[in-house]
Amino acid sequence: MCGIVGYSGGRSAASILLNGLKRLEYRGYDSAGIALGGPDGVCIHKREGKVAGLVEQLGDYENRPEIQRAHSGIAHTRWATHGPPTTANAHPHAGGSGEVVLVHNGIIENHSSLRAKLQADGYQFVSETDTEVLSHLIARELLETESLVDAVRLALTQVVGTFGICCMCAAEPDVLVVARRGSPIVIGLAEGETIVASDASAIISHTRQVIYLDDDDVARIEHGSVDISSLDARPVTRETADIDWSSDAVEKGGYAHYMLKEIHDQPEAIRNAIRGRLDATRGTAVLAGLNLEPRDLVDLQRVVFVGCGTSLNAGLVGEYAVEDFAAMLAEVEQAAEFRYRNPIVSSTDLLLAISQSGETADTLAAVREAAEKGACVAGLVNVVGSTIAREAGRGIYLHAGPEISVASTKAFTCQVAVLLMVALKMGRSRRMSREAGIQIVKEIQRVPELVERVVATSDAIAMVAQHFTECQHMFYIGRGYMYPVALEGALKIKEISYVHAEGYHAAELKHGPIALLEKGTPVVAVLCEGPGKDKVLGNVAECQARGAVVVGLITEGDEESRDICDHVIEVPKSPHYTATITATVALQLFAYHVARLRDCPIDQPRNLAKSVTVE
Ligand code: M6R
């Protein structure tokens, strides 16, 4: 949530920062700003709206000597929390009389009391943000200390909440000070220069060598030198890591939108997620990062999946698969609910935290709560080095590559592929036979090719989508493994096309929602072959009897469903557990085409941002 970039080095900072902001715009896009430090002090430029507006405001900045002279700077793209998206609330925020400037991700929870004290001391506020409180706090501490880094430390000890910050001051214009607690900061290392960002996509075009800060680390950066210390000023050493994906992964690659590219990425992403993790001879999965031997797995009595949004829907597939393959207790829970419910967990529970970003605040809190209660905690995360990945201690990376579009696509399908492997491994440590395991391995191995076939039907799906560009409401229904698919299909269409869509268990329809059906109401029925399909066909008839127009998501060759439904989208035949993946890909494309035909800003839907690092 919100994007941060910082630069200190020998090059002119403006274009490095602005290009970095464009890379990070998926993290928030309601206002943007930049502060440049140079011989003339620190100068802030910011405005409401997208990064393109800021670039326009800077005019021909590549030929403006006063801008080009700046060899250090900080920049931010915002997703509003405190105060609406206005120019005044945009970052960077100045502290004191402008001697300190700051960009910040996260939330300062005690901002009201700090603001009152600072106002009593004569500090003037020009914004409604919690960030401005921190910038004044740093400015006040700077009056008492020798250096920016000490002032930042002193200020941060007074703060309650979460932060990823990047700060500079007029007295040391080449110095950046960065710090984190609960909001990521990555430091990119290059010859004679350092690029800082809230995620690696803003860094990858400059260097692959990075340091991920831990909570309560503070780093002082000047050109190529990086000194990391703790909040109480003890020196700290952090390992350097290599980013293992290329800068192409954050390009659109000729597609109209990142979402479309990422839908097309899926066959390869799923190949990467399953590569080296399936043992076709033993009929099991090899998940080294879980670090659980069969005897540990036998001791486990329950798997609890936690996540939010799309990751929560993937968790529901995980619940079904663990029950199905391993005959083991499994539950899925919205992460925010888990953290506040005083959940009953013990050392015989495995809590699997599912998160694309690895930074979702509620999922992270659930990880901490479960660890506190002695559960075995593992992460199922895409972003390498993210907070959940590191705090969980054990886990499985998705290897899906960077997901830029706010609407999650390839993360979901890779999550499901990995969850099927987790369930398989659990099953094999219990009653599942080798033969049954081998069959599941074969089915999972077929998935990338099946997804290729679904993606190739994009034009046919677009033809169906064109009937639904004017609708206001939609219903998605499914049963069994197809129930989470219905939920995910509805989530996808509502977030990118602004059509109000609800996913229901098909049986739930007549317990209330059917009252909303009227002539022409679209209902998407997930009818892939498997237990429950015939029942959903019965629900389809009930909907049609009330005038609904039904789009059937059917298995190729299912003539019965084809005849009943008003429109159909087909997916290749596969067992219902892997059809969760193929059917979801088809619904991603359906949502994409509806949104495209409605001319929606697909990669940057209103009110949303890629990762939710605040409660
Ligand atoms: O990064 P995470 O997987 O933890 O994010 C969870 C949700 O915020 C995310 O899946 C969200 O629902 C997506 N925008 C859905 O497309």
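Heads up: the structure comes first, above all this text.
The rules we used
Residues numbered from 1 in each chain as written. Predicted model: local features only at pLDDT ≥ 70, side-chain atom pairs only at ≥ 80, totals over all residues. Heavy atoms only, no water. Pairing = 2+ DSSP bridges. Helix = DSSP H or I, 4+ residues; strand = E, 2+ residues; numbered from the N terminus. Right-handed = clockwise from strand over helix to strand, strands pointing away. Disulfide = S-S within 2.5 Å. Axes fitted to C-alpha atoms, helices over the stretch in contact; angles between N-to-C directions. Parallel < 35°, antiparallel > 145°, perpendicular 65-115°, else oblique. Contact = heavy atoms within 4.5 Å. Nonpolar A, V, L, I, M, F, W, Y, C, P; charged D, E, K, R; others polar. Buried < 20%, exposed > 50% of the residue type's maximum accessible area, 1.4 Å probe, protein only.

Observations regarding the pairing of strand E21 (residues 394-397)
For step 1, the next point in the chain: Of the pairings in the sheet, the one linking strand E20 (residues 376-381) to E21 comprises four bridges and is parallel in character. Pairing of Leu380 across the sheet is with Ile396, part of E21.
For step 2, the next point in the chain: Each parallel crossover has a hand, and the one from E20 via helix H12 (residues 387-392) to E21 is right-handed.

Looking at the state of the cysteines
Cysteine pairs can be covalently joined through their sulfur atoms, and such a bond is termed a disulfide.
For step 1, the next point in the chain: Inspection of the entire model under this criterion finds zero disulfides.
For step 2, the next point in the chain: Cysteine Cys2 shares no disulfide, and the gap to the nearest cysteine sulfur, in Cys166, comes to 14 Å.

What about the packing of helix H13 (residues 410-428) against helix H19 (residues 576-597)?
For step 1, the next point in the chain: Following both chains from N to C, one finds H13 and H19 inclined at 180°, their axes separated by 10 Å at the closest point. The angle between H13 and H19 places the two elements in the roughly antiparallel class. Of H19, the residues touching H13 (which contributes Phe412, Thr413, Val416, Ala417 and Leu420) are Tyr577, Thr578, Thr580, Ile581, Thr584, Val585 and Gln588.
For step 2, the next point in the chain: Split by residue class, the contact of H13 with H19 holds seven nonpolar, five polar and no charged.

Observations regarding the environment of Val226
For step 1, the next point in the chain: Note on placement: Val226 falls in strand E13 (residues 225-230).
For step 2, the next point in the chain: Since its relative accessible area comes to 21%, Val226 is described here as partly exposed.
For step 3, the next point in the chain: Each C-alpha atom of the pair Val226 and Ile211 lies 9.8 Å from the other, and the pair is 15 residues apart in sequence.
For step 4, the next point in the chain: When sequence neighbours within four positions are dropped, the list of residues in contact with Val226 reads Ile187, Leu189, Thr194, Ala219, Arg220 and Ile221.

Here's the deal with the sheet that holds E13
For step 1, the next point in the chain: Here we have six strands laid out as an open sheet, ordered E5-E6-E7-E8-E12-E13, and antiparallel in their pairing. In the strand order of this sheet, the two ends are held by strand E5 (93-95) and E13, each with one partner. On average, each strand axis in the sheet is tilted by 25° relative to the strand beside it, whichever way the strands run.
For step 2, the next point in the chain: Here five bridges tie strand E8 (residues 172-181) to strand E12 (residues 217-222), and the two strands are oriented antiparallel to one another. In the sheet register, Leu176 faces E12, and the bridge partner there is Ile221.
For step 3, the next point in the chain: Strands E5, strand E6 (100-105) and strand E7 (163-169) of the sheet are contacted by helix H5 (residues 130-142), whose axis makes an angle of about 140° with E6.

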